[in-house]
Amino acid sequence: MLATLLILIGLIAACVATLTFKSRSFRRFIMKNFASTKYLPHPTLPGPPVLPLLGGFLSVLDSVETGEVHHDTLDRLVRYSKGGTLLVQTSVFGRTTIATGEADLAKIILAKGVRNDRIQKTGLELMKNGLFMMPTDDIWRTHRKGIQPGFGPSHLRHTFNVTNEVSRTLVEGINAKLVAANAEGRPLVLDMHELLSCLTLDVLAQVAFSADFGTLTHMLDHGETSPAFKYLGEIFTIISKRSVIPRVMWKLFGITESDTVEVRKHVHAYVHRLLSERIAKSEGTTGTTTSGDLDVMDRLLAKDENGKSRFSEAEIVDELVAFMLAGQDTTANTMTWFLLEYSRNPEYAEGLAVEADAYFAELCADDKVMLSETVFENLLSRSPKLDMFFKEVQRFHPVVTGVMRQIQDESITLDGHVIYPKESTVFVASIRGLHFNEKNWKDPYKFDPGRWIAPPVPGSFLPFADGPHNCIGRRMAVIEAMTVLAILVRHFRFKLIPGQHLRGKTAVTTGPRNGLKFEIESRV
């Protein structure tokens, strides 16, 4: 009788748990009626109501499922902060998170904080050895030191040349589609996010791996991407869910190691083939390559003075997967948001196009313009309107929501609150909070490239994070994005197709929810 009763209680508990975690309406009912601020871990810090034990897990789960992490994070900062300071706490299963959108407080977190293994644990079998997944330790330092030279001046020049070439492929492909559309008497409508995602992957492959993926050409010719490309995006979705869902519940949400077998099969097979081709090519090559010309893959495959490999095969594979994801996704999203604002703010369109015309005319007249050691500075100084517009897009549409750090000091004081961090306490510099803080920006919810005539408040603009873990490829990303966008605005006009969902979706980075379609017309 007792055994039967215990089984019945267990079944009821399992049903309630399943209903709670799977039903959004039931989750919201639970939070509305049972959550309270008295369960928050820190007695003086403000924050949203949470549940005992679960904390704010049900609300966070809502954000992950809807992809509204970026909006919900800022909403919590604004709604629950007190005294005009964007600083709040929350907790999930006993793990405290303290987030801020204040530049001075974010500076403290980034200066004192280190990255723990929380992010790496979400990668596990997918890419745990990727640079942006690893905690701050000697292994991470070895990876960073080994890869960093792959983003030096010679590679920035190469980035421009490759981007220019791949962008021409995109222009020719769009022009061919325009001719066909005009002949049929219909407008040309394209999903630019799809095309820009393919373009950035091709640029990354050529610059970092000296490989020709041909992803953009395949998309232009066949209207679809390769299976490996499709599965890359699924990795980010899995990692995003794992970051907030306890491992014991991964099975319930279909994100265990066994659930990723198909993803790994396609992506890792593709990367292993890429790696094998490079090794075979290097073994059949004679002569020497100067250190400055070694790309990222060269540096991952390099041996030390004793002829021993610096990195294991597993480390190399993970790094290649991580670079394909991080380098492609962030840049493609930013460029797509640029086109969105370009289409919504037509008063800037002609000025940007004229500036791009002048810039490329000068480039053609003087081949040394982009061949100097200051390629990055040349690009920005010769395109001031494009630079301001691009920075405002980065501010208005940050593709990375925040930066997580762990503070190892015994105590830390933030805005007068003395906090004694536990090992599970996570501090977050909210990039979206910083970018929309009224202390830092006048009318922060207004898209205004003109604000960049004056320098921003120090520490208020962090599109590539900051500190030792800042984006290793940030200059490459800016050169690639600004070059592509300058070429596109020279050749085409973009009209946003109405009725699309324009709120971004977050899966590690924030991008268009279902792509972004434009009607495209030739400018020339």
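Residues numbered from 1 in each chain as written. Predicted model: local features only at pLDDT ≥ 70, side-chain atom pairs only at ≥ 80, totals over all residues. Heavy atoms only, no water.

Which residues make up the overall build of the protein chain, and what values go with them?
Of the regular secondary structure elements, the protein chain holds 19 helices and eleven strands. Relative to its full complement of 524 residues, the protein chain shows a buried share of 53%. Put simply, 74% of the contacts in the protein chain that link residues at least 6 apart link residues at least 24 apart. As displayed, the protein chain has an accessible area near 24100 Å², and 56% of this comes from carbon and sulfur atoms. (Helix = DSSP H or I, 4+ residues; strand = E, 2+ residues; numbered from the N terminus. Buried < 20%, exposed > 50% of the residue type's maximum accessible area, 1.4 Å probe, protein only. Contact = heavy atoms within 4.5 Å. Areas by Shrake-Rupley, 256 points an atom, 1.4 Å probe, with all protein chains shown as cover.)

Which residues make up the packing of helix α8 (residues 153-183) against helix α19 (residues 474-491), and what values go with them?
Between α8 and α19, the least distance of the axes is 9 Å, while the angle of their chain directions is 30 degrees. For the element pair α8 and α19, the recorded crossing hand is right-handed. Contact with α8, carried on its side by L156, T159, F160, T163, N164, S167, R168, L170 and V171, involves R475, M476, I479, E480, T483, V484, I487, L488, R490 and H491 of α19 and no other residues of that element. (Axes fitted to C-alpha atoms, helices over the stretch in contact; angles between N-to-C directions. Left-handed = near helix turned anticlockwise from the far one by under 90°.)

Run through empty space enclosed by the protein, naming residues and quoting values.
Per the stated rule, a full pass over the model turns up one cavity of 30 Å³ or more. Within this model, the largest cavity holds a volume of roughly 40 Å³. Lining the largest cavity are R115, N116, R118, I119, M404 and V426. For the lining of the largest cavity, the per-class residue count stands at three nonpolar, one polar and two charged. (1 Å grid on protein atoms, 1.4 Å probe; cavity = no way out; pocket = protein on both sides within 12 Å on 5 of 7 lines; lining within 4 Å. Points joined across faces, edges and corners; volume = space filled by probe spheres on them. Nonpolar A, V, L, I, M, F, W, Y, C, P; charged D, E, K, R; others polar.)

Which residues make up the sheet that holds strand β8 (residues 492-496), and what values do they have?
Sheet architecture is open: three strands sit in the order β3-β11-β8, paired in antiparallel fashion. Sheet topology places β3 (188-191) and β8 at the edges, where each strand pairs with a single neighbour. Averaged over all neighbouring strand pairs, the angle between strand axes comes to 40 degrees, with direction disregarded. Sheet analysis places β3 next to strand β11 (residues 517-522), joined by four bridges and oriented antiparallel. Bridge pairing in β11 links L188 to I520. Packed on one face of the sheet, helix α14 (residues 313-344) meets β8 and β11 and runs near 85 degrees to β8. (Pairing = 2+ DSSP bridges.)

Run through the confidence of the model for the protein chain, naming residues and quoting values.
In low-pLDDT segments, the atomic positions of the prediction should not be examined closely. In this model, the protein chain carries a mean pLDDT of 86, and residues with pLDDT of at least 70 account for 90%. Contacts of residues 367-373 to residues separated by more than four positions or lying in other chains number 15 contacts, the stretch itself having pLDDT below 50. (pLDDT = per-residue confidence, 0-100.)

Please provide a residue-by-residue account of unusual backbone geometry, values included.
Phi is positive for F93, close to 50 degrees, though the residue is something other than glycine. Structurally, F93 can be placed in the loop between β1 (87-92) and β2 (95-100). A relative accessible area of 36% places F93 in the partly exposed class. Of note, the phi angle at A465 is positive, near 65 degrees, even though the residue is not glycine. Within the secondary structure, A465 sits in the loop between α18 (431-435) and α19.

Run through the nonpolar core, naming residues and quoting values.
A general feature of soluble globular proteins is that nonpolar side chains tend to end up buried together. Judged by nonpolar contacts, the single largest core of 116 residues is most densely connected at M127, M192, F209 and F338. At 14 residues, α14 tops the list of elements feeding residues into this core. In this view, F338 contacts L352, L386, F389, F390, V393, L485 and V489; residues no more than four positions away in its chain are not counted. Listed in part, the ten residues of the second largest apolar core include I98, I109, I412 and L414. (Core = buried A, V, L, I, M, F, W, Y, C linked by side-chain atoms within 4.5 Å.)

A description of the pattern of salt bridges should follow, citing residues and the corresponding values.
This model, assessed by the stated rule, comprises 23 salt bridges. For E102, the salt bridge identified is with K439, shortest N-O distance 3.5 Å. Here K439 lies in the loop between α18 and α19 and E102 lies in the loop between β2 and α5 (103-112), a separation of 337 residues in the sequence. Of the charged contacts, one joins R242 and E125 as a salt bridge, the two residues approaching to 2.9 Å between their closest N and O atoms. Of this pair, R242 sits in helix α11 (residues 227-242) while E125 sits in the loop between α6 (118-123) and α7 (138-147), placing them 117 residues apart in sequence. Residue R242 is classed as buried on the basis of its relative accessible area of 3%. Among the residues examined, E125 registers a relative accessible area of 16% and is labelled buried. The network of salt bridges with shared partners includes R24, R27, R28 and D62. (Salt bridge = Lys/Arg side-chain N within 4 Å of Asp/Glu carboxyl O.)

Hey, could you go over the packing of helix α2 (residues 24-34) against helix α3 (residues 57-66) for me, with residue numbers and the actual values?
Interhelical geometry of α2 versus α3 gives an angle of 150 degrees and a closest axis separation of 9 Å. Considering the angle they form, α2 stands roughly antiparallel to α3. Between α2 and α3 the crossing geometry is left-handed. Contacts between α2 and α3 involve R24, R27, R28, I30 and M31 from the former and L58, S59, L61, D62, E65 and T66 from the latter. Residue classes in the contact of α2 with α3 are distributed as four nonpolar, two polar and five charged. (Parallel < 35°, antiparallel > 145°, perpendicular 65-115°, else oblique.)

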